[in-house]
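Here is how the chains run, residue by residue.
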Amino acid sequence: SEMASRYLTAMRSLQSTGPYTVLGYSMGGVIAYEMARQCMPDERIHLILLDTETPTFATEFDAKDAGFLREMIQSFEVQSGIEIPEEAAEALLTGFDLDQMDTVLSVEEIEDLVEQLMEAMGMDDDGDEMQGMKRIVHVLIANTQAIRQYQLAPLAVDLQLIMAGQRGEAQMQALQAAWQKQVNSVVVHHIAMADHAQLVESQFAAQLAILLNTIRA
């Protein structure tokens, strides 16, 4: 809530009155949602969320599969700027006991998973690179905890929801339904062939730009 308030102040310093277009990617979409909630009724908000899950979505949709873990690894690559060798990722996915996991990964399981991944990459446990990776993990975990604690309040807006096509039909429908509970309406778009991390990478930049221009037209 405080972060959204700061962003809102910065936005108004650039443009004092609406209408505003507020867009958030991934967890940033929840912050964008809170920014829209804090706006005055007459400020006219166009809210666009880019593959953003509701804070409770992970508990509403089964995340216990290799696809979820692979998605997390890809997100970790984006955050760290380090490409994880395919053989290291495959070795980790093969060795991780999915049957022993809870339906929703706990913070401890996420941290353990990433540490295993870094060890599979041959990083020195006491090296600067390993310590840097751990700092990134802790930031990701802190952000995840903050999002999970956030309570969505219904918002009288028409939401434009852009999803990664690789989520699959079942998960996209579930995510649309989760957001539909909070807003007036949800208009869904998707970027075919993109996963969550790739959605903001250069290979899909042109497609995303065209879609955003169409939404705003």
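Located above this text is the structure these notes cover.
Here the structure is a predicted model, which is why all the values come from computation and not from measurement.

**Quick word on unusual backbone geometry**
When glycine is set aside, most residues are seen to have a negative phi, and most peptide bonds are trans.
Piece 1. Here the residue pair Gly18 and Pro19 is connected by a cis peptide bond, since its omega of 10 degrees sits within 30 degrees of zero.
Piece 2. Its place among the elements puts Pro19 in the loop between helix H1 (2-14) and strand S1 (20-25).
Piece 3. Non-glycine residue Asp51 carries a positive phi angle of around 55 degrees.
Piece 4. Considering the arrangement of structural elements, one finds Asp51 in the loop between strand S2 (45-50) and helix H3 (57-60).
Piece 5. Although it is not a glycine, Met193 adopts a positive phi angle of roughly 75 degrees.
Piece 6. For Met193, a relative accessible area of 61% translates into the label exposed.

**What about the sheet that holds S2?**
Piece 1. Pairing in this open sheet of four strands is parallel, and the strands run S1-S2-S3-S4 from one edge to the other. Because the sheet does not close on itself, it has two edges, and the strands there are S1 and strand S4 (183-191). Averaged over all neighbouring strand pairs, the angle between strand axes comes to 20 degrees, with direction disregarded.
Piece 2. Relative to strand S3 (residues 155-164), S2 is paired through four bridges, and the arrangement is parallel. Bridge pairing links Leu50 to Ile162 in S3.
Piece 3. Running over the sheet, helix H8 (residues 169-180) touches S2, S3 and S4 and is turned about 155 degrees from S4.

**Let's talk about the pairing of S2**
Piece 1. Taken across its six residues, S2 has five buried, putting it largely inside the fold.
Piece 2. Of the pairings in the sheet, the one linking S1 to S2 comprises six bridges and is parallel in character. Looking at S2, one finds that Leu23 is bridged to Ile48.
Piece 3. Following the backbone out of S1, through helix H2 (residues 28-38) and into the adjacent parallel S2, one traces a crossover that is right-handed.

**Considerations on the packing of H1 against H2**
Piece 1. Direction vectors running N to C along H1 and H2 enclose 65 degrees, while the axes themselves pass 9 Å from each other. By the angle class used here, H1 and H2 are roughly perpendicular. Relative to H2, H1 is oriented so that their crossing is right-handed. Residue-level inspection shows Met3, Ala4, Ser5, Tyr7, Leu8, Met11 and Arg12 of H1 in contact with H2, the latter providing Ile31, Glu34, Met35 and Gln38.
Piece 2. Class assignment of the residues belonging to the contact of H1 with H2 gives a composition of seven nonpolar, two polar and two charged.

**What to know about helix H9 (residues 205-216)**
Piece 1. Given a rise of 1.5 Å per residue, twelve residues ought to cover 16 Å, and the 16 Å separating the end C-alpha atoms of H9 matches this to within 8%.
Piece 2. Where H9 is concerned, the buried positions are Leu208, Leu211, Leu212 and Ile215. The buried side chains of H9 occupy one side of the element, clustering within an arc of 100 degrees when seen end-on. Exposed and facing more than 90 degrees away from the buried side of H9 are Ala206, Ile210, Asn213 and Thr214.
Piece 3. Check the buried side of H9 and you find it contacts S1, S2, S3 and S4.

**Description of H8**
Two residues of an α-helix separated by three or four positions point the same way, owing to the 3.6 residues in each turn.
Piece 1. Compared with the 16 Å implied by 1.5 Å per residue over twelve residues, the 16 Å span of H8 between its first and last C-alpha is a close match.
Piece 2. Along H8, the residues classified as buried are Gln171, Met172, Leu175, Ala178 and Trp179. Burial along H8 is one-sided: seen end-on, the buried residues are contained in an arc of 125 degrees. Among the exposed residues of H8, those oriented more than 90 degrees off its buried face are Glu169 and Ala170.

**A few points about the pairing of S3**
Piece 1. Among the ten residues that make up S3, eight are buried, leaving the element largely enclosed by the rest of the structure.
Piece 2. Inspection of the sheet shows S3 paired to S4 by eight bridges, in the parallel sense. Note that in S4 the partner of Met163 across the bridge is His190.

Cut-off values and rules
- Residues numbered from 1 in each chain as written.
- Predicted model: local features only at pLDDT ≥ 70, side-chain atom pairs only at ≥ 80, totals over all residues.
- Heavy atoms only, no water.
- Helix = DSSP H or I, 4+ residues; strand = E, 2+ residues; numbered from the N terminus.
- Buried < 20%, exposed > 50% of the residue type's maximum accessible area, 1.4 Å probe, protein only.
- Pairing = 2+ DSSP bridges.
- Axes fitted to C-alpha atoms, helices over the stretch in contact; angles between N-to-C directions.
- Contact = heavy atoms within 4.5 Å.
- Right-handed = clockwise from strand over helix to strand, strands pointing away.
- Parallel < 35°, antiparallel > 145°, perpendicular 65-115°, else oblique.
- Left-handed = near helix turned anticlockwise from the far one by under 90°.
- Nonpolar A, V, L, I, M, F, W, Y, C, P; charged D, E, K, R; others polar.
- Expected span 1.5 Å × (residues − 1).
- Arc of directions from axis to C-beta.

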